[in-house]
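Here is what each chain is made of, one letter per residue.
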Amino acid sequence: MSVLLRQIPANIPQDMRKIRIENSHLTELPRGSFENISALEYLWLNFNNITVMHIKSLEYLPALKELRLQGNKLSSVPWTAFQDTPALKILDLKHNRLDVLPEHALRYLPNLTYLDLSSNQLTVISRDVFYSWPVYQRSQRAEGQIEAISNAVLALHDNPWICDCRLRGFVQFIKSVGSPIILMNSYLTCSSPKFRAGKFFHEVELNSCMKPLTSALDTNLTVPVGLNVTLTCFVQASPFPAVWWTYALKLLRPFNVSTESISEETVRSELLIPAARPVDAGNYTCTASNFLGNTSVAITLHVRAPWASTPAPGWAPIGPAEPGAHVEVRIAKQTVYGITLEWFAAAAAEPGETWYTLLVGRYDAAQKDAIYIGPGVNTYSVTDLLPATKYEVCVAVRNQAPRKGQCVVFVTGSDISQLEQREKLIHIIVIVCAMVLAVPAGMYACTAEARPGCLARCPSACPCRRRGGQAQAAGSKESTLDSLPAGSEDGLCRPEGGHGGRQPLAREEPGKTRPPHRNSADLY
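Everything numeric here is computed off the predicted structure, so don't read it as measured data. (Residues numbered from 1 in each chain as written. Predicted model: local features only at pLDDT ≥ 70, side-chain atom pairs only at ≥ 80, totals over all residues. Heavy atoms only, no water.)

Caption draft 1: Representation of the sheet that holds strand β24 (residues 369-373) in the model. Spatial strand order, β24-β23-β26-β27: four strands in an open sheet with antiparallel pairing. Pairing within the sheet leaves two strands with one partner each, and these edge strands are β24 and β27 (407-411). Going across the sheet, the axis of each strand differs from the next one's by a mean of 20°, ignoring polarity. Where strand β26 (residues 390-397) meets β27, five bridges bridge the pair, whose relative direction is antiparallel. When the bridges of β27 are listed, Cys-394 appears paired with Cys-407. (Pairing = 2+ DSSP bridges. Helix = DSSP H or I, 4+ residues; strand = E, 2+ residues; numbered from the N terminus. Axes fitted to C-alpha atoms, helices over the stretch in contact; angles between N-to-C directions.)

Right under this line is the structure:
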């Protein structure tokens, strides 16, 4: 008890008749777990974490009479494993996760007197499971005979039973069952569907299963533009079917679909289409399906404008005008392939009932496409436009031609990818950086090319330069980079007494060594 084992110990004595291992974290019963204990009669493995039971895990246990696996995590049991335990009388499987009981489950338990399947996840069981149980078959053969047959206790309560047509046979079995089969709790309760939740088996009458039958009150609808449309189909089926809607072979979004049960075998499904537009016209298909098959019904929707479907050339009025209404239009958002418009109808008589006409086309087109907008809508997005193209869009109150100020002319953007824009930006930055870095280096190189002799006489010439007139100073400021060497010789190397033009350079004295010429590389 409460020992961390993980697996069945291998050193159990061969003559052991009773084994009880509980709260010991066992996770599986592998093949031949008890092959050396053939005398075993009572095996209790409650409250472990057993999830897997091998089909040969009970091999070599012909004398086993009692098997308790309560409080484990079994979602299925290899029922054919009980062929190796013909003497088994008690089988306790409550508080597991069993969700299926196959038809042959009890076939290999001929001497069973206690079966507990309570508190599992069983939802549907066929009555054939119990009709093939040897205990039940013996009781049917012994009717009217004096032969004594031992009772068998059956526990099936606290399971989430789905009380529909699939459980009909089992419910009939529970209502008619009697000795020698005794129900531990005869008040089995329905968990679903909702209208049967909480009812006892003896209170419900279940019908036979039925393939879905779909229908619609109107399969051909015509509605005006902008109207909210609800398409409805009815389904008769048992059990409860799955229902979905498709349009042009595409599954429609489920949040626009509502499905509810209106009776025991009838379901109503509704598809909402808000503010219907001409693009919403077409065939909508309602499909229902259950395990017996599926059927569908198609509903055709036509969307028409409240007036003529296309505007006349020149945007002339297409009906009697609604006086006193002016529409202010602006572009809320613009992309390469479209725009989003917003408008406000000033002085509209009935703002909640005002319809609008949106006319879109190329600026030079004689006829524009018309889009009809229902009441209560003051924004619309136009997409699929051509890039770098001039368009004109107008918004007008219904039955009116666009007035001055109700049209907007715009040009869509160029279809340039982000990569091309990034490359252009990089090229511009490189060129600018090269120009900025080149200017200081050029100035330094030009100054360095001046004659060293001239630079040596510069200090003596500076007083003379300071005494010069304003014209001389202005002239030196206007010198450019190209004339810098010449300007250096002319302005800095002028003798003190000279007032005229450029003076000749002094001759080199004989025998005097000329200083070596230094270029910009030497300076660096």
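Caption draft 2: Molecular detail of the pairing of strand β20 (residues 293-304). One ladder, built from five bridges, connects strand β13 (residues 220-224) with β20; its direction is parallel. The residue of β20 that forms the bridge with Thr-222 is His-302. Both strand β19 (residues 282-290) and β20 contribute to a ladder of nine bridges, which runs antiparallel. Looking at the pairing, Tyr-284 lines up with Ile-299 of β20. Here β19 hands over to β20 after two residues, the two strands then running antiparallel side by side.

Caption draft 3: Region of interest: the nonpolar core. Residues Trp-79 and Phe-170 are the most contacted members of the largest nonpolar core, which totals 58 residues. Contributing elements (two or more residues each) for this core: α1 (128-131), α2 (134-141), β8 (152-155), α3 (168-176) and β10 (181-183). Among the elements that line this core, the one with the most residues is α3, at four residues. Beyond its immediate chain neighbours, meaning those up to four positions away, Trp-79 contacts Leu-91, Leu-93, Leu-101, Pro-102, His-104, Ala-105, Leu-106, Tyr-108, Leu-109 and Leu-117. Of all hydrophobic cores here, the second largest spans 24 residues; its members include Leu-271, Ile-273, Val-303 and Ala-305. (Core = buried A, V, L, I, M, F, W, Y, C linked by side-chain atoms within 4.5 Å. Buried < 20%, exposed > 50% of the residue type's maximum accessible area, 1.4 Å probe, protein only. Contact = heavy atoms within 4.5 Å.)

Caption draft 4: Region of interest: the state of the cysteines. In this structure the tally under the stated criterion is four disulfides. Across a sulfur-sulfur distance of 2.0 Å, Cys-233 and Cys-286 are joined as a disulfide pair. Separated by 53 residues along the polypeptide, Cys-233 in strand β14 (residues 229-238) and Cys-286 in strand β19 bring together distant segments of the chain. Across this residue pair, the class does not change: Cys-233 and Cys-286 are buried. Paired by a disulfide, Cys-394 and Cys-407 hold their sulfur atoms 1.9 Å apart. (Disulfide = S-S within 2.5 Å.)

Caption draft 5: Broad picture of the side chain of His-157. Tracing the sequence through the fold places His-157 in the loop between β8 and β9 (161-162). Residue His-157 is classed as buried on the basis of its relative accessible area of 15%. Excluding residues within four positions of it along the chain, His-157 makes contact with Ser-118, Ser-119, Met-184, Asn-185 and Leu-188.

Caption draft 6: Structural view of the layout of surface pockets. Space inside the second largest pocket adds up to approximately 450 Å³. Along its surface, the second largest pocket is lined by 23 residues, and Arg-253, Ile-273, Pro-274, Arg-277 and Asp-280 are the ones closest to its centre. Of all the elements in the fold, those that place two or more residues in the lining of the second largest pocket are β18 (266-273), β24 and β25 (379-382). The residue makeup of the lining of the second largest pocket, split by class, is 15 nonpolar, five polar and three charged. (1 Å grid on protein atoms, 1.4 Å probe; cavity = no way out; pocket = protein on both sides within 12 Å on 5 of 7 lines; lining within 4 Å. Points joined across faces, edges and corners; volume = space filled by probe spheres on them. Nonpolar A, V, L, I, M, F, W, Y, C, P; charged D, E, K, R; others polar.)

Caption draft 7: Expanded view of α3. Within the sequence span of α3, burial applies to Gly-169, Phe-170, Val-171, Phe-173 and Ile-174. Packing partners of the buried residues in α3 comprise α1, α2, β9 and β10.

Caption draft 8: A nonpolar patch on the surface, seen in detail. There is a patch of nonpolar side chains on the surface, built from Ile-428, Val-432 and Val-436 and spanning about 270 Å² of accessible area. With respect to the helices and strands, the residue Val-436 is situated in helix α4 (residues 418-448). Exposure remark for Val-436: the relative accessible area of 54% places this residue in the exposed category. (Patch = residues over 30% accessible without salt bridge, like charges linked within 9 Å, V, L, I, M, F, W, Y side chains within 5 Å. Areas by Shrake-Rupley, 256 points an atom, 1.4 Å probe, with all protein chains shown as cover. Salt bridge = Lys/Arg side-chain N within 4 Å of Asp/Glu carboxyl O.)

Caption draft 9: Highlighting the packing of aromatic side chains. All chains considered together, the criterion is met by 12 aromatic pairs. Seen from their ring centres, Trp-161 and Phe-170 are 5.1 Å apart, and the 35° between their planes marks the pair as tilted. For the residue pair Trp-161 and Phe-170, the accessibility class agrees, reading buried in each case. Ring centres 5.3 Å apart and planes at 70° place the aromatic pair Tyr-187 and Phe-200 in the edge-to-face group. Of the two residues, Tyr-187 sits in the loop between β10 and β11 (190-192) while Phe-200 sits in the loop between β11 and β12 (210-215), which places them 13 residues apart along the sequence. For Tyr-187, a relative accessible area of 48% gives the class partly exposed. Grouped by ring-pair contacts, the aromatic residues Phe-130, Tyr-131, Tyr-136, Trp-161, Phe-170, Phe-173 and Phe-201 constitute a single cluster. The ring of Tyr-363 has Lys-390 lying over it, and the distance from NZ or CZ to the ring centre is 4.1 Å. (Phe/Tyr/Trp six-rings, centres within 6.5 Å; stacked < 30°, edge-to-face > 60°. Lys NZ or Arg CZ within 6 Å of the ring centre and 35° of its normal.)

Caption draft 10: Main features of the confidence of the model for the chain. The predicted model of the chain averages 79 in pLDDT, with 75% of residues at 70 or higher. Across residues 307-324 the pLDDT falls below 50, and counting only partners more than four positions away or on other chains, this stretch makes 41 contacts in the model. When the criterion is pLDDT under 50, residues 461-509 qualifies, and its contacts beyond four places in sequence or with other chains add up to 30 contacts. (pLDDT = per-residue confidence, 0-100.)

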